[in-house]
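As a plain string of letters, each chain reads:
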Amino acid sequence: MFQIRLMIIGAALLLLGIAGANSSLTGKKAPHFKLKTIEGGSIHTPEDFKGQVLLLDFWASWCPPCKVSLPELQRMDKAYKGLKVVTINIDDDAANAKKFMKKHVLSMTTLFDAEKEVVESYGVEAMPTAIIIDKKGVVRKVMSGYTIKKKDELESTIKSLLK
């Protein structure tokens, strides 16, 4: 039910040209959370990555743009020293995320937001949504959807924060 509601809201906002995560987060400390990996392993929080530029990417296996964005994010994760890409899957079942990751040969740190609490605290309204957090834990960029232009904008922001 949440998936359908999120898809409808996201589609409507995209059509209106106003979709996005909570851009009021920009310039503020990133909200705290604790999530396990999709395998049920170790718990991660934003504080675990302090001192690095952190790109949080919210995605779902049913999201067509995610099929294009996630391989690019994995490339960035490997290409930029000092950047950590952490994806947060919002599927109802972690098995769907695992299957998606295997099919698309993705190996990034992937957390599972089973209760959708992190989605809510970050104000995510569309998939995918990327949030860039600087080395001090402050949100610097919030971007929903995925296009080549948005990818270039993400990379430009990452490069400037890594200097």
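Below: a short report on this structure. Note that the coordinates shown come from a computational prediction; the quantities given were computed from them, not determined experimentally.

### As for the environment of leucine 70
Turning to step 1, where the next piece is worked out: Structurally, leucine 70 is set in helix H2 (residues 64–79).
Turning to step 2, where the next piece is worked out: If sequence neighbours within four positions are ignored, leucine 70 has contacts with Asp57, Trp59, Thr87, Phe100, Leu106 and Met108.

### Comments concerning the environment of aspartate 48
Turning to step 1, where the next piece is worked out: By the secondary structure assignment, aspartate 48 is in the loop between strand S2 (43–44) and strand S3 (53–59).
Turning to step 2, where the next piece is worked out: A polar atom in the side chain of aspartate 48 sits 2.9 Å from the backbone nitrogen of threonine 45.

### Side note on the side chain of serine 69
Turning to step 1, where the next piece is worked out: Looking at where serine 69 falls in the secondary structure, it is placed in helix H2.
Turning to step 2, where the next piece is worked out: Those residues in contact with serine 69 that lie beyond four places of it in its chain are Pro128 and Tyr146.

### Looking at the packing of H2 against helix H5 (residues 148–162)
Turning to step 1, where the next piece is worked out: For the pair H2 and H5, the least separation of the axes is 12 Å and the interaxial angle reads 20 degrees. Between H2 and H5, the angle falls in the class roughly parallel. Between H2 and H5 the crossing geometry is right-handed. Contacts between H2 and H5 involve Glu72, Leu73, Arg75 and Met76 from the former and Lys151, Leu154, Glu155 and Ile158 from the latter.
Turning to step 2, where the next piece is worked out: Grouping the amino acids of the contact of H2 with H5 by side-chain chemistry returns 4 nonpolar, no polar and 4 charged.

### With respect to the state of the cysteines
Turning to step 1, where the next piece is worked out: In the structure shown here, the tally under the stated rule is 1 disulfide.
Turning to step 2, where the next piece is worked out: Here cysteine 63 connects covalently by a disulfide to cysteine 66, the sulfurs 2.4 Å from one another. Of note, the bridge from cysteine 63 to cysteine 66 carries an S-S torsion of about 85 degrees and is right-handed in sense.
Turning to step 3, where the next piece is worked out: Its relative accessible area of 0% is what places cysteine 66 among the buried residues.

### Details of the pairing of strand S5 (residues 109–112)
Turning to step 1, where the next piece is worked out: What you see with S5 is no split at all: Thr109 and Leu111 on one side and Thr110 and Phe112 on the other are buried throughout.
Turning to step 2, where the next piece is worked out: Here strand S4 (residues 83–89) runs beside S5; their pairing, made up of 4 bridges, is parallel. Within the sheet, the bridge partner assigned to asparagine 89 lies in S5 and is phenylalanine 112.
Turning to step 3, where the next piece is worked out: Read from S4 through helix H3 (residues 94–103) to S5, the crossover connection turns out right-handed.

### Examining empty space enclosed by the protein
Turning to step 1, where the next piece is worked out: Scanning all chains against the criterion turns up 2 cavities of 30 Å³ or more.
Turning to step 2, where the next piece is worked out: Put simply, the largest cavity is a space of about 90 Å³.
Turning to step 3, where the next piece is worked out: Around the largest cavity, the lining residues are Lys29, Ala30, Pro46, Glu47, Phe49, Lys50, Gln52, Leu54, Ile133, Asp134, Lys135 and Gly137.
Turning to step 4, where the next piece is worked out: Looking at the lining of the largest cavity, its residues break down into 5 nonpolar, 2 polar and 5 charged.
Turning to step 5, where the next piece is worked out: As a volume, the second largest cavity reaches approximately 40 Å³.
Turning to step 6, where the next piece is worked out: Along the walls of the second largest cavity sit Asp57, Ser69, Leu73, Pro128, Thr129, Ala130, Met143, Gly145, Tyr146 and Leu154, which together make up its complete lining.
Turning to step 7, where the next piece is worked out: Listing elements by their share of the lining of the second largest cavity, those giving two or more residues are H2 and strand S6 (129–133).
Turning to step 8, where the next piece is worked out: The residue inventory of the lining of the second largest cavity, partitioned by class, reads 6 nonpolar, 3 polar and 1 charged.

What counts and what doesn't
- Residues numbered from 1 in each chain as written.
- Predicted model: local features only at pLDDT ≥ 70, side-chain atom pairs only at ≥ 80, totals over all residues.
- Heavy atoms only, no water.
- Helix = DSSP H or I, 4+ residues; strand = E, 2+ residues; numbered from the N terminus.
- Contact = heavy atoms within 4.5 Å.
- Polar contact = N/O pair within 3.5 Å; in protein donor to acceptor, adjacent residues only side chain to side chain.
- Axes fitted to C-alpha atoms, helices over the stretch in contact; angles between N-to-C directions.
- Parallel < 35°, antiparallel > 145°, perpendicular 65-115°, else oblique.
- Left-handed = near helix turned anticlockwise from the far one by under 90°.
- Nonpolar A, V, L, I, M, F, W, Y, C, P; charged D, E, K, R; others polar.
- Disulfide = S-S within 2.5 Å.
- Buried < 20%, exposed > 50% of the residue type's maximum accessible area, 1.4 Å probe, protein only.
- Pairing = 2+ DSSP bridges.
- Right-handed = clockwise from strand over helix to strand, strands pointing away.
- 1 Å grid on protein atoms, 1.4 Å probe; cavity = no way out; pocket = protein on both sides within 12 Å on 5 of 7 lines; lining within 4 Å.
- Points joined across faces, edges and corners; volume = space filled by probe spheres on them.

Nothing here speaks to function; it is geometry throughout.
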